[in-house]
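A closer look at the structure
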Amino acid sequence: MVWQETPYTAYILIIGGVSLVAGFYLLAFVNTRSAKIGGVITLLGAWWLLTLALEIAGGDLPTKVFWNTLEYLGAATLPSAWLLLTLVNLGHLEWLQPRRLLLLSIVPALTIVAAFTNDVHRLFWPSHELTVADSILVLSHPHGIAYWIFTLYVGAAILGAFFMLLRAVINYRQLYRRQALLMMVGVSVITMGAIIDAINKFVVSPVPLSWIISGLLIVWGTTYLRIGEIIPVATHLVLDSIQDGVIVADMQGRLLNLNPVAQRLIGGHDSQAEIIGKALAQLWPAGVSLLAAESEANGAYPIEIKTDHGDEALQYEVSRSIIRDVREQPIGYVLVLRDSTKRKEAERRTIELSLERERIRLLSNFIRDVSHEFRTPLATISLSAHLLEKRTKPEDRGEQVSRIQNQVNNITALIDSLVTMSRLDSGTPAARDEVDLNTAVANARTRMEADIAAKAVTVALELDPERMHVYGSPDDLALAVGNILHNAIRYTPAHGQITVHTYHRSDNEVIVEIRDTGEGISAKHLPYIFNRFYRADDAHSSTGFGLGLSIAQKIVELHGGSIEVESEAGQGSTFRIVLPALR
């Protein structure tokens, strides 16, 4: 890059540096929305000035074109930022929505793209050339259609901001009028800079300087007049339009303001003049709890209030906020009361309807599963009875009678399981006492002797010699262990090994571990094995009803424990009953 000495570079760099410092100050030390936007404006202006200084200092065409193009990173975005600042300071916060912010950024974004790609399309500057003014080289170029579109956008943004501020100056009260007037002066400075530049072409355009003056006005207004910290609001209109009750009280509980909804809630008074200044607790008994001194923190909580129109109890959700002064000292309360009676009633009905639907679903599933379990043995009994009529030989008749008896036993076992599950679901407490877990395990194994012998498997007990006592029902705990042991016997092939091991896992937990060398449980079925009536074979061709593990889990949970399972298909299974130890 080639450079030249000019009398303008130094003072533009100084002004740009001041703008840079001011922008960082607003962003770092003034925590308001307006200050943040103002800081961005001054930083964009600083960029514009610094790149302008480097353009003027450029001594050849490429250098000047390069820095002139970079100027538009600031120049193109300043009008949108200024318009956004005006909208925010005047309370039009809806413009902070992403869709509208995107709308404001379309033209600036296209302008920057057009400036940086001008060599391709020449829509921004058809050509560039160097001229001499005041003995220095100056960049000169005609403007294309993209430049004029951007110029129209700048004019629209400035005029829009100006007329919004003018209306605010006319309509607002004194404090807000001074804020709006200061911003309007800033817009006027920008406008005058553009007009002067259009009438007289200077070596250094006054437009960037006018933007910086406006930015410094923002700094002064933000720190001195607190622009953006107080948005003008017609308080009485806001309060009257709120559908919830709003009450304002001082720290002594005296009523300062309220809206019509709250006035009707308090009741018994025709006008606000009768109640303003009086103690809220005297006017309204519920006010005592709402302004309780011990409740210093803000928060929301439900209360119940009796209306003056009968004995109907209405529920209100009350949100209380503490008003603080500039020294963060509490000076009053704002109470917002929302009638939640209908919503609570709707929620109650929704919950009841959901519970009823769930009961119907569970009952339907139960009837479906139980009917399926009864259908198979009843069909066998029916067939055996029919064959019994046809048989004449005593041995044949004995075989059919035996099959009928087996199915009757199956139905009886199913009914017993259903009764047990119903008792456990109802929460009916069984007689509880101190239980020796080793004894319960041994009893469970003794009950399985016939099954063990029939299957020709080995069941080894490895019982912890130390005290293995828990508090619970000995019969239920033996049933839980027996159901899991019965499953292990059923799914372990002949001559397989089953080990029942008891031990302490910690001072607070005792374990009954049942390991088998059976066929194991696949990962597909493992999550569902404790579901009622669940069996791995969809056809339900295997024996059992799918209730044993459900009953075992329910018993263990009622004793404050849990069941852990480790299993893989073909690798056997390990069930651990974890119970709280009785010390």
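Residues numbered from 1 in each chain as written. Predicted model: local features only at pLDDT ≥ 70, side-chain atom pairs only at ≥ 80, totals over all residues. Heavy atoms only, no water.

So, the packing of aromatic side chains
- On inspection of all chains with the given rule, the structure shows nine aromatic pairs.
- Centroid distance Phe-66 to Trp-67: 5.0 Å. Interplanar angle 80°. Geometry classified as edge-to-face.
- Classification of Phe-66 by relative accessible area gives partly exposed; the value is 39%.
- Residue classification places Trp-67 among the buried positions, given a relative accessible area of 15%.
- Measuring from ring centre to ring centre gives 5.3 Å for Tyr-147 and Trp-148, while their planes differ by 85°; the resulting arrangement is edge-to-face.
- Using a relative accessible area of 19% as the deciding quantity, one classes Tyr-147 as buried. (Phe/Tyr/Trp six-rings, centres within 6.5 Å; stacked < 30°, edge-to-face > 60°. Buried < 20%, exposed > 50% of the residue type's maximum accessible area, 1.4 Å probe, protein only.)

What about the sheet that holds strand S12 (residues 509-516)?
- Read across the sheet, five strands follow the order S9-S11-S12-S14-S13 without closing on themselves; strand pairing throughout is mixed. Lying at the two open borders of the sheet, with one neighbouring strand each, are strand S9 (458-462) and strand S13 (562-567). With direction set aside, neighbouring strand axes in the sheet form an average angle of 20°.
- Looking at chain direction, strand S11 (residues 497-506) and S12 are connected through eight bridges and run antiparallel. If you follow Tyr-503 over to S12, its bridge partner there is Ile-511.
- Helix-sheet contacts for helix H18 (residues 474-490) involve S9, S11, S12, S13 and strand S14 (573-580), and the interaxial angle to S12 is about 25°. (Pairing = 2+ DSSP bridges. Helix = DSSP H or I, 4+ residues; strand = E, 2+ residues; numbered from the N terminus. Axes fitted to C-alpha atoms, helices over the stretch in contact; angles between N-to-C directions. Contact = heavy atoms within 4.5 Å.)

Considerations on the pattern of salt bridges
- Counted according to the given criterion, the structure contains ten salt bridges.
- The closest approach of N and O atoms between Asp-119 and Arg-122, which form a salt bridge, is 4.0 Å.
- Taking the relative accessible area as the measure of exposure, Asp-119 reaches 60% and is therefore exposed.
- Salt-bridge contacts for Glu-513 lead to Arg-576; the nearest nitrogen and oxygen are separated by 2.7 Å. One end of the pair, Glu-513, is in strand S12; the other, Arg-576, is in strand S14, and 63 residues separate them in sequence.
- Here Arg-576 falls in the buried class, since its relative accessible area comes to 14%.
- Because the salt bridges share partners, they merge into one network encompassing Arg-505, Glu-509, Glu-513, Arg-515, Glu-564, Glu-566 and Arg-576. (Salt bridge = Lys/Arg side-chain N within 4 Å of Asp/Glu carboxyl O.)

Regarding helix H3 (residues 61-75)
- Between the first and last C-alpha of H3 there are 21 Å, a value that for 15 residues agrees with the 21 Å anticipated at 1.5 Å per step.
- Counting buried positions along H3 yields eleven of 15 residues, so the element is predominantly enclosed.
- Three or more residues of H3 are buried, namely Thr-63, Lys-64, Val-65, Trp-67, Asn-68, Thr-69, Leu-70, Glu-71, Tyr-72, Gly-74 and Ala-75. (Expected span 1.5 Å × (residues − 1).)

A word on the packing of helix H2 (residues 33-57) against helix H4 (residues 78-89)
- For the pair H2 and H4, interaxial distance at closest approach is 10 Å and the crossing angle is 160°. As summarised for this structure, H2 and H4 are arranged roughly antiparallel, according to the angle between their axes. Crossing angle aside, the handedness with which H2 passes H4 is left-handed. Side by side, H2 and H4 meet where Arg-33, Ser-34, Ile-37, Gly-38, Ile-41, Leu-44, Gly-45 and Trp-48 of the first sit next to Leu-78, Ala-81, Trp-82, Leu-84, Leu-85, Val-88 and Asn-89 of the second.
- Across the contact of H2 with H4, the residue classes tally to ten nonpolar, four polar and one charged. (Parallel < 35°, antiparallel > 145°, perpendicular 65-115°, else oblique. Left-handed = near helix turned anticlockwise from the far one by under 90°. Nonpolar A, V, L, I, M, F, W, Y, C, P; charged D, E, K, R; others polar.)

A short note on the pairing of strand S3 (residues 245-250)
- Buried residues dominate S3, accounting for six of its six residues.
- Taken together, the six bridges between S3 and strand S7 (residues 330-339) define a ladder with antiparallel strand orientation. Residue pairing for S7: Val-248 is matched across the bridge by Val-334.
- One ladder, built from three bridges, connects S3 with strand S4 (residues 255-258); its direction is antiparallel. Looking at S4, one finds that Ala-249 is bridged to Leu-255.

Thoughts on the side chain of Thr-499
- Note on placement: Thr-499 falls in strand S11.
- Relative accessible area serves as the criterion here: at 9%, Thr-499 is assigned to the buried category.

Observations regarding the environment of Glu-5
- Checked against the element boundaries, Glu-5 lands in the segment before helix H1 (9-29).
- Taking relative accessible area as the criterion, Glu-5 reaches 80% and is therefore assigned exposed.
- A C-alpha to C-alpha distance of 8.2 Å links Glu-5 and Ile-136, two positions 131 residues apart in sequence.

Some words on the confidence of the model for the chain
- This prediction gives the chain a mean pLDDT of 77; 71% of its residues lie at or above 70.
- Contacts for the low-pLDDT stretch residues 538-542, under 50 throughout, to residues beyond four places or in other chains number seven contacts. (pLDDT = per-residue confidence, 0-100.)

A look at unusual backbone geometry
- The phi dihedral of Ala-456 falls on the positive side, at around 60°, and the residue is not glycine.
- Turning to its location among the elements, Ala-456 is positioned in the loop between helix H17 (449-455) and S9.
- The phi angle at His-495 is positive, at roughly 70°, despite the residue not being glycine.
- As for its placement among the helices and strands, His-495 is situated in the loop between H18 and S11.

Here's the deal with the pairing of strand S2 (residues 136-140)
- The pairing of strand S1 (residues 129-133) with S2 spans five bridges and is antiparallel. Among the inter-strand pairings, Leu-130 is bridged to a residue of S2, identified as Leu-139.
- Following S1, the chain reverses through two residues before pairing antiparallel with S2; Asp-134 in that reversal takes a positive phi of roughly 55°.

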